[in-house]
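What follows is each chain in one-letter form.
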Amino acid sequence: MTLTAIIFAGILTYLTRMTMIALISRDMLGDKIKAVLEYVPSAVFPAIIFPGIFINDFGTFIEMNDPKIFGALVAVIVGYFSKNIIATILAGLVSYWFLIFVVFN
Amino acid sequence: MLTKKQLFTRGMLDISPHMLSVIPFGIICGAIGVELGFHPYLVYAMSFIIFGGASQIVFLQLLSGGASSLVAVASVGIINSRHLLYGAVLSEYLEKLSFIKKLLISYVVVDQGFAESNKFFKKNRSEEFLHYHLIGTGCTMWVCWQIATLSGIVLGSFVPEELGLKFAIPLTFIAIVVQDLKKLDHVIVMITCGLSSLLFFDAPFKSYIIISPVIALFVAALLLRLKK
């Protein structure tokens, strides 16, 4: 029963991956649409970033002094200047840990 | 001109820093599935059949919370519909491939792989075997995801919850978009998407994940019109 649902979910997911790659040809997308598609990373990833920071495991907003906001800000600053993915992730995590384990403990 | 092997390796290298967040997340994902009471084989089958991080957790949470299979499947489809946008962007670079190759390569298109390969594609348009970069990012992600979720299933949640490693996920995506903060138009699009995602967070089927990009792309289209 559950396996059937997983298979359907898998087929659906595969279709979302395959449809535009396999069934759309270059000529079907006009220059205007291509120009808008340039923004796809900026238009999609904040929908993963913002809830990951501002909404907790129970689906409610965090307090304004939550360590995650500080960690995210540090990650943005370090990422902006270092252009390094590992440095960005570590800076965010370490500053977050510093707050939860050292400061707020 | 880079060889297929060089491009594949480059893809592997470009995505490997993201494993810092993907591997803990995969372990958590596998452990949660077992904790929620699902058979280990089913939890693993999802990593192979669906192969989509957040959507797998949502799927299990909905089912264990008593939602119908239909609702759970619909949620996975909606959460993963963002791949349609990735596909539309990538199709330009993959159009020379045969239909079969397109069908195969589609299976390994994931968020971080799309982001890194898209950056590489933009800078190296003239390369003949560009798609090997995408295969490199996708396969690295696939292998790490399988290993990570399997370890989570077998060993349980050996990543201490207090560490809050789920927070590494937004950090990974910050690393992906942070350089675009230099461009005002991109900043406006990002803020639109981010605020919309908070505003629509409670929309049914987790649809905020596709509603907010659509709103943000609409704003992007308006910005392009203003620029002219």
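Parameters and conventions
Residues numbered from 1 in each chain as written. Chains lettered and ligands numbered in written order. Predicted model: local features only at pLDDT ≥ 70, side-chain atom pairs only at ≥ 80, totals over all residues. Helix = DSSP H or I, 4+ residues; strand = E, 2+ residues; numbered from the N terminus. Rg over C-alpha atoms; globule rule 2.2 N^0.38 Å. Contact = placed C-beta atoms within 7 Å. Buried ≥ 20, exposed ≤ 12 C-beta atoms within 10 Å, placed from the backbone. Domains from an automatic or database assignment. Core = buried A, V, L, I, M, F, W, Y, C linked by C-beta atoms within 7 Å. Nonpolar A, V, L, I, M, F, W, Y, C, P; charged D, E, K, R; others polar. Axes fitted to C-alpha atoms, helices over the stretch in contact; angles between N-to-C directions. Parallel < 35°, antiparallel > 145°, perpendicular 65-115°, else oblique. Left-handed = near helix turned anticlockwise from the far one by under 90°. Expected span 1.5 Å × (residues − 1).

J.: Sorry, what's going on with the overall build of chain A here?
T.: Scanning chain A for helices and strands turns up 6 helices and 0 strands. For chain A, the α and β elements follow one another from N to C terminus as α-α-α-α-α-α. Against the 2.2 N^0.38 benchmark of 13 Å for 105 residues, chain A shows a C-alpha radius of gyration of 20 Å, more extended than a compact globule. Contacts in chain A between residues far apart in sequence, at least 24 positions, make up 28% of those at least 6 positions apart.

J.: Please clarify how the overall build of chain B should be interpreted in this entry.
T.: Helices and strands together make up the secondary structure of chain B, namely 12 helices and 0 strands. Starting at the N terminus and walking to the C terminus, you meet the elements of chain B as α-α-α-α-α-α-α-α-α-α-α-α. With respect to the three principal axes, the spread of C-alpha positions in chain B is 55 × 45 × 35 Å. Out of the 228 residues in chain B, the part that is buried amounts to 54%. Restricting to contacts in chain B with at least 6 residues of sequence separation, those with at least 24 account for 75%.

J.: Any chance you could explain the domain arrangement of chain A here in plain terms?
T.: Interfaces are frequently sized by the accessible area removed from exposure as the parts join. Assigned domains of chain A: these are domain 1 (1-30) and domain 2 (39-103). Distance between the C-alpha centres of domain 1 of chain A and domain 2 of chain A: 31 Å.

J.: Could you clarify how one ought to interpret the nonpolar core in this entry?
T.: Generally speaking, nonpolar side chains in soluble globular proteins are found buried as a group. Counting residues in hydrophobic clusters, the biggest one holds 104 residues, and the most contacted among them are A43 of chain A together with F59 and I174 of chain B. It is helix 2 (residues 19-35) of chain B that provides the largest number of residues to this core, a total of 11 residues. Sequence-distant contacts of A43 of chain A, defined by excluding residues within four places in its chain, comprise V189, C193, P213, A216, L217 and A220 of chain B.

J.: Looking at this model, I keep getting lost on the interface of chain B and chain A. Mind explaining?
T.: Across the contact, 75 residues belong to chain B and 57 residues belong to chain A. Ranked by residues supplied to the side of chain B that touches chain A, first place goes to helix 6 (residues 82-94) of chain B with 12 residues. Classifying every residue of the side of chain B that touches chain A by side-chain character gives 50 nonpolar, 20 polar and 5 charged.

J.: Looking at this structure, I do not really get the packing of helix 1 (residues 2-23) of chain A against helix 3 (residues 40-49) of chain B. What am I missing?
T.: Geometrically, a packed helix pair is captured by the angle between its two axes and the distance between the axes. Put simply, helix 1 of chain A and helix 3 of chain B touch, their axes get as near as 9 Å, and they point 15 degrees apart. Taken together, helix 1 of chain A and helix 3 of chain B sit at an angle that is classed as roughly parallel. Relative to helix 3 of chain B, the crossing made by helix 1 of chain A is right-handed. Two secondary-structure elements touch here, helix 1 of chain A through T2, L3, I6, I7 and G10 of chain A and helix 3 of chain B through L42, A45, M46 and I49 of chain B.

J.: Which parts of the structure should I look at to understand the packing of helix 2 of chain B against helix 4 (residues 53-64) of chain B?
T.: Residues and elements named next belong to chain B. For the pair helix 2 and helix 4, interaxial distance at closest approach is 10 Å and the crossing angle is 15 degrees. What the angle tells us is that helix 2 and helix 4 run roughly parallel. In the crossing of helix 2 with helix 4, the sense of the turn from one axis to the other is left-handed. Contact residues: helix 2 offers F25, C29, I32 and G33, while helix 4 offers G53, Q56, I57 and L60. In the contact of helix 2 with helix 4, the residues fall into 5 nonpolar, 3 polar and no charged.

J.: Is there a simple way to think about helix 6 of chain B in this case?
T.: Side chains of residues three or four places apart in an α-helix project in the same direction, reflecting 3.6 residues per turn. In a regular helix each residue adds 1.5 Å, so 13 residues correspond to 18 Å; helix 6 of chain B covers 18 Å between its end C-alpha atoms and thus fits that length. Looking only at helix 6 of chain B, the buried set comprises R82, H83, L85, Y86, G87, A88, V89, L90, S91, Y93 and L94 of chain B.

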